[in-house]
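Chain by chain, the residues:
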Amino acid sequence: MNGVPHVKTTATHAPGPTVRAALRSPTLLRTEVLAGLVVALALIPEAISFSIIAGVDPRVGLFASFTMAVAISFLGGRPAMISAATGAIALVIAPVMREHGYDYLIATVLLGGVIQVALALAGVAKLMRFIPRSVMVGFVNALAILIFSAQIDHMLDVPWAVYPMIAVGIAVIVGFPRVNKVIPAPLVAIVALTAFVLVAAVDVPNVGDEGQLPDSLPAWFVPDVPLDLHTLEIIAPYALAMALVGILESLLTAKLVDDITDTHSDKSREALGQGAANVITGFFGGMGGCAMIGQTMINVKASGARTRISTFLAGVFLLVLVVGFGDVVALIPMAALVAVMIMVSVGTFDWHSIQPSTLRRMPKSETTVMVTTVLVTVLTHNLAIGVVVGVIVAMTLFARRVAHLTQTERELVEDEHGATARYTVTGELFFASSNDLYTQFDYVDDPDRIVIDLSDSHIWDASTVAALDAITTKYERKGKTVEIVGLNEASAERHGRLSGALPSH
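Cut-offs applied
Residues numbered from 1 in each chain as written. Predicted model: local features only at pLDDT ≥ 70, side-chain atom pairs only at ≥ 80, totals over all residues. Heavy atoms only, no water. Salt bridge = Lys/Arg side-chain N within 4 Å of Asp/Glu carboxyl O. Buried < 20%, exposed > 50% of the residue type's maximum accessible area, 1.4 Å probe, protein only. Helix = DSSP H or I, 4+ residues; strand = E, 2+ residues; numbered from the N terminus. Pairing = 2+ DSSP bridges. Axes fitted to C-alpha atoms, helices over the stretch in contact; angles between N-to-C directions. Contact = heavy atoms within 4.5 Å. Patch = residues over 30% accessible without salt bridge, like charges linked within 9 Å, V, L, I, M, F, W, Y side chains within 5 Å. Areas by Shrake-Rupley, 256 points an atom, 1.4 Å probe, with all protein chains shown as cover. Polar contact = N/O pair within 3.5 Å; in protein donor to acceptor, adjacent residues only side chain to side chain. Parallel < 35°, antiparallel > 145°, perpendicular 65-115°, else oblique. Left-handed = near helix turned anticlockwise from the far one by under 90°. Nonpolar A, V, L, I, M, F, W, Y, C, P; charged D, E, K, R; others polar. Phe/Tyr/Trp six-rings, centres within 6.5 Å; stacked < 30°, edge-to-face > 60°.

K.L.:
Is there a simple way to explain the pattern of salt bridges in this structure?
P.N.:
Side-chain pairing between opposite charges can occur once the charged atoms of the two side chains come close. In this structure the tally under the stated criterion is seven salt bridges. Linking D57 and R59 is a salt bridge whose minimum nitrogen-to-oxygen distance equals 3.6 Å. A relative accessible area of 42% means that D57 is categorised as partly exposed. Residue D446 pairs with R410 through a salt bridge whose shortest N-O separation is 2.8 Å. Of the two residues, D446 is situated in the loop between α18 (431-437) and β5 (449-459) and R410 in strand β3 (residues 407-415); the sequence distance between them amounts to 36 residues. A residue is classified by how much of its surface remains accessible, and R410, at 38% relative accessible area, is partly exposed. Here the residues in one salt-bridge network are R78, D258 and K267, joined through shared partners.

K.L.:
Hey, could you run me through the sheet that holds β3 in this one?
P.N.:
For sheets, the rule is that strands pair by backbone hydrogen bonds, running either parallel or antiparallel. The strand order across the open sheet formed by four strands is β3-β4-β5-β6, and the pairing between neighbours is mixed. What marks the edges here is a single partner per strand, and that holds for β3 and β6 (481-485). Shown here is a sheet whose adjacent strand axes are inclined to one another by a mean of 20°, direction ignored. Taken together, the five bridges between β5 and β6 define a ladder with parallel strand orientation. Looking across to β6, one finds that I450 is bridged to V482. Contacting β5 and β6, helix α20 (residues 489-498) crosses the sheet at an angle of about 120° to β5.

K.L.:
Please explain a nonpolar patch on the surface as it appears in this structure.
P.N.:
A cluster of nonpolar residues, F74, L75, I280 and F312, forms a patch on the protein surface that exposes about 330 Å² of accessible area. Turning to its location among the elements, F312 is positioned in helix α12 (residues 308-324). Among the residues examined, F312 registers a relative accessible area of 31% and is labelled partly exposed.

K.L.:
Got a minute to help me understand the environment of T396 in this structure?
P.N.:
Checked against the element boundaries, T396 lands in helix α17 (residues 383-403). Along the primary structure T396 and F431 are separated by 35 residues, whereas in three dimensions their C-alpha atoms are 12 Å apart.

K.L.:
Any chance you could explain the environment of S51 here in plain terms?
P.N.:
Within the element layout of this structure, S51 appears in helix α2 (residues 26-54). Among the residues examined, S51 registers a relative accessible area of 0% and is labelled buried. When the C-alpha positions of S51 and A195 are compared, they lie 28 Å apart, and in sequence the two are 144 residues distant. Not counting residues within four places of it along the chain, the set of residues in contact with S51 comprises V56, D57, P58, V60, G61, L62 and M287. In this structure the side chain of S51 is engaged in a polar contact, spanning 3.1 Å, whose partner is the backbone nitrogen of G61.

K.L.:
Where do I start with the packing of helix α4 (residues 87-100) against helix α9 (residues 229-261) in this structure?
P.N.:
Between two packed helices, both the angle of their axes relative to each other and the distance between the axes serve to describe the pair. The interhelical angle for the contact between α4 and α9, taken along N-to-C directions, is 165°, at an axis separation of 8 Å. Considered as vectors, α4 and α9 are oriented roughly antiparallel to each other. In terms of crossing hand, the pair formed by α4 and α9 is left-handed. Residue-level contacts link A88, I89, V92, I93, P95, V96, E99 and H100 of α4 to I234, Y238, A241, M242, V245, G246 and E249 of α9. The class makeup of the residues in the contact of α4 with α9 is 11 nonpolar, two polar and two charged.

K.L.:
Explanation requested: the packing of helix α8 (residues 185-200) against helix α14 (residues 334-348) in the structure shown.
P.N.:
Relative orientation of the contacting elements α8 and α14 amounts to 160°, with a least axis distance of 8 Å. Between α8 and α14, the angle is such that the two are roughly antiparallel. The handedness of the crossing between α8 and α14 comes out as right-handed. Seen from α8, the contacting residues are P186, A189, I190 and L193; seen from α14, they are A336, L337 and V340. Split into classes, the residues belonging to the contact of α8 with α14 amount to seven nonpolar, no polar and no charged.

K.L.:
Hey, could you run me through unusual backbone geometry in this one?
P.N.:
Apart from glycine, the bulk of residues carry a negative phi angle, and the bulk of peptide bonds sit in the trans form. Here A80, not a glycine, exhibits a phi torsion of approximately 75°, which is positive. Mapped onto the elements of the fold, A80 is located in the loop between α3 (58-75) and β1 (83-84). Accessibility expressed as a relative area gives 2% for A80, which makes it buried. Positive phi values are uncommon outside glycine, yet D262 reaches one of about 55°. Mapped onto the elements of the fold, D262 is located in the loop between α9 and α10 (267-283).

K.L.:
Would you mind going over the packing of aromatic side chains with me for this structure?
P.N.:
Two aromatic rings, taken as a pair, are described by how far apart their centres are and by the angle between their planes. A complete count under the given rule lists 11 aromatic pairs for this structure. When the centroid spacing of 5.6 Å and the interplanar angle of 40° are considered together, the rings of Y438 and Y443 count as tilted. Taking 6.3 Å as the distance between ring centres and 40° as the angle between the ring planes, the aromatic pair formed by F441 and Y443 counts as tilted. Grouping aromatic residues by their ring pairs yields a cluster made of Y423, Y438, F441, Y443 and Y475.

Shown next as structure tokens:
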């Protein structure tokens, strides 16, 4: 993210450590195991919170996080990325639960997973190439702000002891790696603060206050809904929204992890895996989910995990902790998890992007796209909406910028045909630039013969062909002839196919 233009080369990312390599290396395996444990601890309050957003029992979110993490560890295309129940998915499907009940919610999750599988098979992952760098930077910065803002509720109307505990947790996370890099600092902070609360008998909010933890394993569940068009009308809009939001967030997260780890991931496999994982989750009564960026950052950046082992163990540890050790987990102070998430947000934010020197060098359009993505995402609390709006703004500004690069030069010459007005058009001709092309000609004062030279141009769409037809028609009405020369092969084919076949307006 240093503003260096992308140059296509034949170089490829170095492959990351494999599962087999991690299993053979005690050091790598220890990193993966401890990372999975830290992520599992951080997942518990998040899953409970998202369950509340969706209007379901906490076990629905917790079981969804377990099945998503375990399934995606086998099916996904991005090793070390964490998928679980998320706030974005909870917000999308909450109206179904509120208006139609739990069975329709699960039917929505199942259909959403099927749609994701269909989109993956259709090649939706290839659309990632159309997301500009400025949108990615805005996405990352907005994510960091949302992660931090989600912790504010845990810092309001709480006992005074919470604040020094958060400060100590942050200090441990920052300072412990200087002493020992083997054990993840977030895990040390969680254990230390939990031990302090138990020994000192300090009364502060804990995980147990977030909701009741389940005491049984997830079971097979088939929603009891009519298999008819009326059911489809109810769930289809929400399932489609869920599918799009889930794939977009997951692919963006995968791209972010690619950049952090300097490795490549299979985006098509990831999209397919997300769909399959949601289908599996639905049949176990889970609320569905997608990639969790905050927990992925804990896993990859804070804990140093690189393989599928950490993702798998995060799901397994989550289930073991909430079912087997629920009474102990319930005692973990929220202050410890808040400290972890605050440091995740600090580490996620691209501070270089807001430095004055960077803002001075960066084109205003790039900064506008980044700021727009951040604002829309933060205001809507929906990363998918922010990214879509950011891409639209980026495309609009790009079209506007390219449109102004088109130039038309007029020259009066004498040749064997007599006086001729020769127009040389330079630049890319598409809807944004060709709309002004019509006004660049002197229809009244030009001689009887006009030549339009497009040797330095390219016709990209029907709008340009329509504009050239309009120019030719206007000259012909004045008894003048127009000759278009210099078309390259693609432009000549498009002009020949469409000229005269488009309605005039």
